[in-house]
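Reading the structure
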Amino acid sequence: SNTPVNVTVTGAAGQIGYALLFRIASGQLLGPDTPVKLRLLEIPQGVKAAEGTAMELDDCAFPLLAGIDIFDEPNAGFEGANVALLVGARPRTAGMERGDLLSANGGIFKPQGAAINAGAADDIRVLVVGNPANTNALIAQQHAPDVPAERFTAMTRLDHNRALSQLAKKAGVPVAEITRLTIWGNHSATQYPDIFHAEIAGRPASDVVADQAWLEGDFIPTVAKRGAAIIAARGASSAASAANAAVDHVFDWVNGTPEGDWTSAGIVSDGSYGVPEGLISSFPVRSVGGRWEIVQGLDVDEFSRARIDASVAELVEERDAVRELGLI
Ligand code: NAX
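The structure presented is a predicted model; accordingly, all values stated were derived computationally and were not measured. (Residues numbered from 1 in each chain as written. Predicted model: local features only at pLDDT ≥ 70, side-chain atom pairs only at ≥ 80, totals over all residues. Heavy atoms only, no water.)

**Quick notes on the packing of aromatic side chains**
Cut-off, in case you're wondering: Whether two aromatic rings pair depends on their centres lying within 6.5 Å, for rings of Phe, Tyr and Trp, where Trp uses its six-membered ring; planes under 30 degrees apart make the pair stacked, over 60 edge-to-face, and the rest tilted. A helix here means a DSSP run of H or I that spans at least four residues, while a strand means a run of E at least two residues long, and both kinds are numbered starting from the N terminus.
Taken as a whole, this structure holds seven aromatic pairs when the rule is applied. Judged by centre distance (5.4 Å) and plane angle (70°), the ring pair of Tyr18 and Phe22 falls under edge-to-face. Taken together, the positions of Tyr18 and Phe22, both in helix 1 (residues 15–25) and four residues apart, correspond to about one turn of that helix. With a centroid separation of 6.2 Å and 65° between ring planes, the pair formed by Trp184 and Phe283 is classed as edge-to-face. With a gap of 99 residues between them, Trp184 in strand 8 (residues 182–184) and Phe283 in strand 13 (residues 280–288) connect regions that are remote in the sequence. Aromatic ring contacts, followed pair by pair, group Trp184, Tyr273 and Phe283 into a single cluster.

See below:
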């Protein structure tokens, strides 16, 4: 259809925002036939920089970009939003305890959830990128009681893509030959990148890389600590790769996952695989008819069980902490 889709991006003046907005405006988020209207939400101190980015977006003359508006107040920012990318968050700074971090982010994601509830379009889809992404998504979801809970998701696609790339390198194959990888649990160092159901050119990955020492000593920690390695190398946290993952997540959500494959996303648990109902945890997911579905019936061996449980336990702790703080 030719009706523009309203896409709200928070943290629009940040480094992920700068990498993300041009890709959305070029048509990569929703496809080459869908015009977009951008709604940039920033805090007041970020508005001037967002205006600068909007000038550059204008200067690209993107045929699909139907307009750009800038806001510093969430109710206005989410008005009529069809897609919301919640990127802006309060980072952990030196000396900050977990409770401080969760409180600061509660102060952002609570009003944003309420604003989405009040004014977003009926088909709103929300992706939370800002950390702690799963718990920030839970806070927003809990403050949007009129929006179906399944519309709130947290990004683990960057972890998924990192895992694809590491496995492809190990196997010496192009990334496109790897399917059915899964990131389970929290977008944090406890996440579990699972290759037990993965396939390499249609063969079980375990036939190609049957190396438990590599799996435990190299693959899992490399994927889980990749964010820190990027900071150490680049002097700044992942930005273009995070933006790319957000584009992948929303594109697949809207357009479907490829036949025979699946991806990873933080979605509201229905109790599958022993993950407590209501937590926003990463699962193997397919997108069918515009909705995420958890891939069912996968065998989970003892090794995987312990790792999934450890990451889910961290999500339970975060949920309990935000409950105690009165944020949900
Ligand atoms: P930046 O600090 O460059 O940008 C954040 C922007 O958000 C700033 O412009 C700030 O003014 C704005 N902001 C803060 N509070 C806001 C509010 N209440 N409403 C609107 N805007 C607000 O951070 P950047 O590098 O872009 O990262 C953004 C977030 O993504 C961080 O929380 C980061 O930890 C998280 N990440 C998540 C990843 C994931 O895989 N889920 C990976 C990359 C990234 O680390």
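From this point, the discussion proceeds with the structure in view.
**What about the site of the ligand?**
Condition: Here, proximity means that at least one heavy atom of the residue falls within 4 Å of the molecule or strand. Pairing of N or O atoms within 3.5 Å defines a polar contact, subject to two protein rules: one partner must be a possible hydrogen donor and the other a possible acceptor, and residues neighboring in sequence count only if both atoms are side-chain atoms. Accessibility throughout is a Shrake-Rupley quantity obtained with a 1.4 Å probe, and a residue counts as covered only by protein chains that appear here.
Around the ligand, the surrounding shell holds 22 residues, and the nearest of these are Gln15, Ile16, Glu42, Val129 and Asn131. Note that a nitrogen atom of the ligand is positioned 3.3 Å from one of the backbone N or O atoms of Val129. For the ligand, whose free accessible area comes to 880 Å², the fraction covered by protein is 80%. Of all elements in the fold, only helix 1 and helix 4 (98–119) reach the threshold of two or more residues within the shell around the ligand.

**Some thoughts on the pattern of salt bridges**
Operational definition: The term salt bridge refers to a side-chain nitrogen of Lys or Arg lying within 4 Å of a carboxyl oxygen of Asp or Glu. The buried label goes to any residue with under 20% of its type's maximum accessible area, the exposed label to any with over 50%, and the partly exposed label to all in between, with areas taken from a 1.4 Å probe on protein chains only.
All told, the structure shown has nine salt bridges when counted by the stated rule. Two residues, Asp252 and Arg157, come together in a salt bridge whose shortest N-O distance is 2.9 Å. Of this pair, Asp252 sits in helix 10 (residues 240–255) while Arg157 sits in helix 6 (residues 157–171), placing them 95 residues apart in sequence. Like Arg157, Asp252 is buried. Here Arg323 and Asp320 are joined by a salt bridge, their closest N and O atoms 3.9 Å apart. Separated by three residues within a single helix, Arg323 and Asp320 lie in helix 11 (residues 302–324), roughly one turn from each other. A relative accessible area of 47% places Arg323 in the partly exposed class. Ionic contacts of the salt-bridge type, sharing partners, join the residues Arg319, Asp320 and Arg323 into one network.

**Notes on the domain arrangement of the chain**
To keep things clear, this is the line we draw: Boundaries of every domain are those given by an automatic assignment or by a domain database. Every residue pair with non-hydrogen atoms within 4.5 Å of one another is taken to be in contact. By convention, the term buried area covers the 1.4 Å-probe accessible surface removed from two parts as they join, with the contributions of both added. Three classes are used: nonpolar for Ala, Val, Leu, Ile, Met, Phe, Trp, Tyr, Cys and Pro, charged for Asp, Glu, Lys and Arg, and polar for all others, with Gly counted as polar.
When cut into domains, the chain gives domain 1 (5–154) and domain 2 (157–318). Once you take the C-alpha centre of each, domain 1 and domain 2 turn out to be 23 Å apart. Each side of the interface is counted separately: domain 1 has 30 residues, and domain 2 has 34 residues. Interface area lost by domain 1 to domain 2 is led by Gln15, Arg125 and Asn134, which between them contribute 24%. Seen at the junction of domain 1 and domain 2, the total is two salt bridges. At the junction of domain 1 and domain 2, the tally comes to 12 residue pairs in polar contact (both at pLDDT 80 or more). Of the residues that constitute the side of domain 1 that touches domain 2, the class distribution is 17 nonpolar, eight polar and five charged.

**Some remarks on the sheet that holds strand 11 (residues 203–204)**
What counts, and what does not: Following DSSP output, two strands are said to pair if at least two bridges run between them.
Strand order in this open sheet of three strands is 7-10-11, and the pairing throughout is antiparallel. Unpaired on one side and paired on the other, strand 7 (178–179) and strand 11 mark the two borders of the sheet. Pairing of strand 10 (residues 199–200) with strand 11, which is carried by two bridges, proceeds in the antiparallel orientation. Note that in strand 11 the partner of Ile200 across the bridge is Arg203.

**Considerations on unusual backbone geometry**
Here Asn131 and Pro132 are connected by a cis peptide whose omega angle stands at -5°. Looking at where Pro132 falls in the secondary structure, it is placed in the loop between strand 5 (125–128) and helix 5 (133–142). Even without being glycine, Ala201 reaches a positive phi, approximately 50°. With respect to the element layout, Ala201 can be found in the loop between strand 10 and strand 11.

**Some details on the nonpolar core**
The criterion, for reference: For our purposes a nonpolar core is just a set of buried Ala, Val, Leu, Ile, Met, Phe, Trp, Tyr and Cys residues, chained together by side-chain atoms within 4.5 Å.
One finds Leu167, Ile178, Leu181, Ile195, Phe219 and Phe283 to be the most contacted residues of the largest nonpolar core, which totals 38 residues. Every element with two or more residues in this core is listed here: helix 6, strand 8, helix 8 (212–224), strand 12 (263–268), strand 13, strand 14 (291–294) and helix 11. Apart from residues no more than four positions distant in its own chain, Phe283 is found in contact with Thr182, Ile183, Trp184, Thr263, Ser264, Ala265, Ile267, Ser269, Ser272, Tyr273, Val275 and Ile294. Counting residues in each nonpolar core, the second largest holds 33 residues, with Val36, Leu38, Leu57 and Val129 among its members.

**Section: the confidence of the model for the chain**
In regions of low pLDDT, the predicted coordinates are not meant to be interpreted in detail. The test is simple: Every residue gets a pLDDT, meaning the predictor's confidence in that residue, from 0 to 100.
Averaged over every residue, the pLDDT of the chain is 97; the share at 70 or more is 100%. Both scores are given for the predicted complex: the pTM is 0.98, the ipTM 0.98.

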